Structures are given as structure tokens and as C-alpha cells.
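Residue strings, one per chain:
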Amino acid sequence: MSSKTFSIGIIGARGHTGAELIRLVAAHPGLELAFVSSRELAGQRVADHNDAYRGDLRFENIAHDQVAARGADVVVLALPNGKSGEIVAGIDATAPGTLVVDLSADHRFDPSWYYGLPEITRGDYAGQKRISNPGCYATAMQLAIWPMLEFLAGPPQCFGVSGYSGAGTTPSDRNNPELLRDNLMPYSLVGHVHEREVSARLGVPVEFMPHVAPHFRGITMTVNMWLREPLKADWIRARYEQRYAGEPLVRVVEEAPWVSRIAGRHGVEIGGFTVSADGKRLVVVSTEDNLLKGAATQAMQNINIALGLPELAAIPPFKEVARG
Ligand SMILES: NC(=O)c1ccc[n+]([C@@H]2O[C@H](COP(=O)([O-])OP(=O)(O)OC[C@H]3O[C@@H](n4cnc5c(N)ncnc54)[C@H](OP(=O)(O)O)[C@@H]3O)[C@@H](O)[C@H]2O)c1
């Protein structure tokens, strides 16, 4: 690995994904946290909020037009959608060589940004300094559908269930444990941004129905696919195993994976592989931790790729560790 240490700043560091990124950066031999921005926690010690971080850094309230002047090698935007504009404009104008990774949806449809879902797009990486990190549900959907793309007879239907950390920290019904108790909350039943994201990326329409559940972290994505020709479950499973054989963060399993086994882990599990009697309807299930492979871990893969570091630097082993 290069012996250079790269500086990294996180804007939106109070949030769930920001906290996971601080953990990953703390474990990274080639990255040093230069600044972390939060309005609410400004002045407080990062170490008092994040047990993985041991330095003296404090949260700061950094004005968006001042981020570029901080001169970090890498800036990660972990802000809600629609808040990246001023920061990116400032970096474009005065520090264009800064690597920017945006966790929001703001640049996922912008062709001048690299869309970083490494297992599918790393071959397209060509030194871009602007990286858009995929949506959490969108990661689970794409990895579940991608191996079957050429066999699809119509739009896959994707039934997604997320833990409520997916709704961020700004209070809403969808992250209110009281309202979620004994409950499952359907929302955005057509036209969710991740439906548009996956349709655009895979080049086929998908139909996505999201739900929030009372658990904190982790997504279950159950995908129904109509096939052009009859196929056998064993053949399909072998196809997924082959497609992801070299992928340390994707594990293909026989049974439908459980979200309780993926929480806190850095990869995706795909399994279930059930076909109808006529062989033309397939159901596949994928699970991931929305805050890790759905956000922070994927951002770390993208940062490592862009800095020329080993893609899995700082990311704990996944596939070779026994399942919980
Ligand atoms: N949660 C997930 O599972 C997940 C997965 C993939 C992608 N994402 C995306 O990643 C981004 C961050 O998600 P998150 O769940 O970490 O969000 P979050 O927990 O709600 O945190 C958002 C962060 O942004 C800051 N913030 C909130 N409103 C702001 C505003 N109006 N202007 C400036 N800063 C503001 C907050 O800090 P202060 O209020 O203290 O400044 C906080 O640090 C979002 O775009 C989200 O869609 C989330």
C-alpha cells in the first residue's frame, strides 16, 4: 500500500452514515480524519460520540462555502438530499482535484459523476474525482437483479424492507420507534428515487415497494423476476455464484438470507433462488446493512479505488468469516 496518508473530511458527520464512516476511517492505515462537520455537535469531541475514534478532533460547523478551502484530499458528503450544491460548486471552482464522494442522491443521475457500485461499475472507473455513492435499497436491488438481466421478460418487482436507520436522524414517522412498534410502514409505493436509480442504471424498468420495519439496521430485498425462458433453480444459483465468485463483499447462499444475520456486517447476502413449477418465475432475496454496504462501506470501497489503495483497506473481512 502507498505510504502516503490522505486527509479526509466528512460533512454531515453526526448522522448514521457519517458515524459509520468515522469508524472505517479510524481503522484505515492510509487515511487521516482532518475535519468532521455537524451543526448540532459543533465544539464536541468526536471521541465522546464515536468509540472507534481516539484522536482529539472536535465536530465543527463548517459553512458550505468554506469546505473547499480546508484543502482535504477527500471530502465525503453525508448530508440529506439537496444540500450538496454549494459545497460541490466551491470545490469545483477552487479545489477541483479534491476527491468528492456524495452519499446523497444528488449526483446519481449526473453522467459527469462516476456511479460507484464497485461489483458492477469498477471497470468504468477512470480517475474521476466526483463519485456518487448508490442508494442503500438500490445496492441490494442491483446486486440481486444484475446476474439475470438478459433473462428478464418484464420489470422485476422488488419488495424492500428497511430498518429505520434508513430514514436518517431527522425525526419523522419512518424513524419513530413508537409508531414502528409492532408495525410495518409502507411508503413511496411508486416512483421512489431508488426505483428510478435502479431502472436508469440497469437499463430495465424495476418496480420497487419500500417499507420500514421496527429494527434499526439492515435491508431485506425480495425480488420477483419473470423470465423469458424456463430455468432451473440450481442453474440460476450457480450463475450467481460464478458472477460473484471473486467478490469479497457478496456471499451467495442457498436459503433466503435473514436481515438479523447481516446487521453490522459489511457485505451483501443473496439467496433463496426459488422458481415456479413452469420455471419462468424466479424469486431471489438479498440482505445488506443499509449503513455499511448500503452506504459507508461502499463509500470506503470507492475512496480506496480512487486513491489507488487496496479496495478493501479498513473494511473488515466478510465472506471468509462464518455467518452469525
Ligand atoms: N441512512 C441510510 O441507511 C443511508 C444509506 C445510504 C445513503 N444514505 C444517504 O446518506 C445521506 C446521509 O444519511 P444519514 O442517514 O446519515 O442522515 P442523517 O442521519 O439524517 O444525517 C444527516 C447529517 O446531515 C446534517 N444535516 C441535516 N440537515 C441538514 C441541513 N439542512 N443542512 C446541513 N446539514 C444537515 C446532520 O447534522 P447537523 O444537523 O448536526 O448539521 C447530520 O450530520 C443522505 O443523503 C441519505 O439519503 C443514507
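Residues numbered from 1 in each chain as written. Predicted model: local features only at pLDDT ≥ 70, side-chain atom pairs only at ≥ 80, totals over all residues. Heavy atoms only, no water.

Per an unreviewed UniProt entry, the protein is named N-acetyl-gamma-glutamyl-phosphate reductase, and its organism is Luteimonas wenzhouensis. Turning to the protein, the UniProt annotation filed under Pathway (unreviewed entry) states: "Amino-acid biosynthesis; L-arginine biosynthesis; N(2)-acetyl-L-ornithine from L-glutamate: step 3/4." (UniProt positions renumbered as here; feature names shortened; annotations may be inferred.)

Visitor: Explain the overall build of the protein to me, please; I cannot follow it from the model alone.
Guide: Scanning the protein from terminus to terminus reveals eight helices and 14 strands. Expected size for 324 residues packed as a compact globule is a radius of gyration near 20 Å; at 20 Å, the protein falls within 12% of this value. Burial analysis of the protein (324 residues in total) assigns 53% to the buried set. Once local pairs closer than 6 in sequence are excluded, the contacts in the protein between residues at least 24 apart make up 70%. Total accessible area on the protein is roughly 13,700 Å²; 51% of this is exposed by carbon and sulfur atoms. Side chains of the protein carry 31 positive and 35 negative charges; the gap between the two charge centres is 2 Å. (Helix = DSSP H or I, 4+ residues; strand = E, 2+ residues; numbered from the N terminus. Rg over C-alpha atoms; globule rule 2.2 N^0.38 Å. Buried < 20%, exposed > 50% of the residue type's maximum accessible area, 1.4 Å probe, protein only. Contact = heavy atoms within 4.5 Å. Areas by Shrake-Rupley, 256 points an atom, 1.4 Å probe, with all protein chains shown as cover. Lys, Arg positive; Asp, Glu negative; His and termini not counted. Charge placed at Lys NZ, Arg CZ, Asp CG, Glu CD.)

Visitor: Is there a simple way to explain the UniProt feature "domain: Semialdehyde dehydrogenase NAD-binding" (unreviewed entry) in the protein in this structure?
Guide: Mapped onto this numbering, the UniProt entry gives "domain: Semialdehyde dehydrogenase NAD-binding" (unreviewed entry) at residues 7-128. In residues 7-128, the share of helix is 20% and the share of strand is 20%. The end C-alpha atoms are 18 Å apart.

Visitor: Help me understand the side chain of asparagine 50 in this model?
Guide: Residue position: asparagine 50 is located in the loop between β2 (31-37) and β3 (59-60). The class for asparagine 50 is buried, based on a relative accessible area of 4%. In terms of polar contacts, asparagine 50 uses its side chain to reach the backbone carbonyl oxygen of alanine 19, at 3.1 Å. Aside from chain neighbours lying at most four places away, what touches asparagine 50 is Ala19, Ile22 and Arg23. (Polar contact = N/O pair within 3.5 Å; in protein donor to acceptor, adjacent residues only side chain to side chain.)

Visitor: Can you help me understand the UniProt feature "active site" (unreviewed entry) in the protein in this one?
Guide: Under the UniProt annotation, "active site" (unreviewed entry) lies at Cys136. With respect to the helices and strands, the residue cysteine 136 is situated in helix α4 (residues 136-145). Note on cysteine 136: relative accessible area 14%, which makes it buried. Other than its neighbours up to four places away in sequence, cysteine 136 contacts His194, Ile219, Glu288, Asn290 and Gly294.

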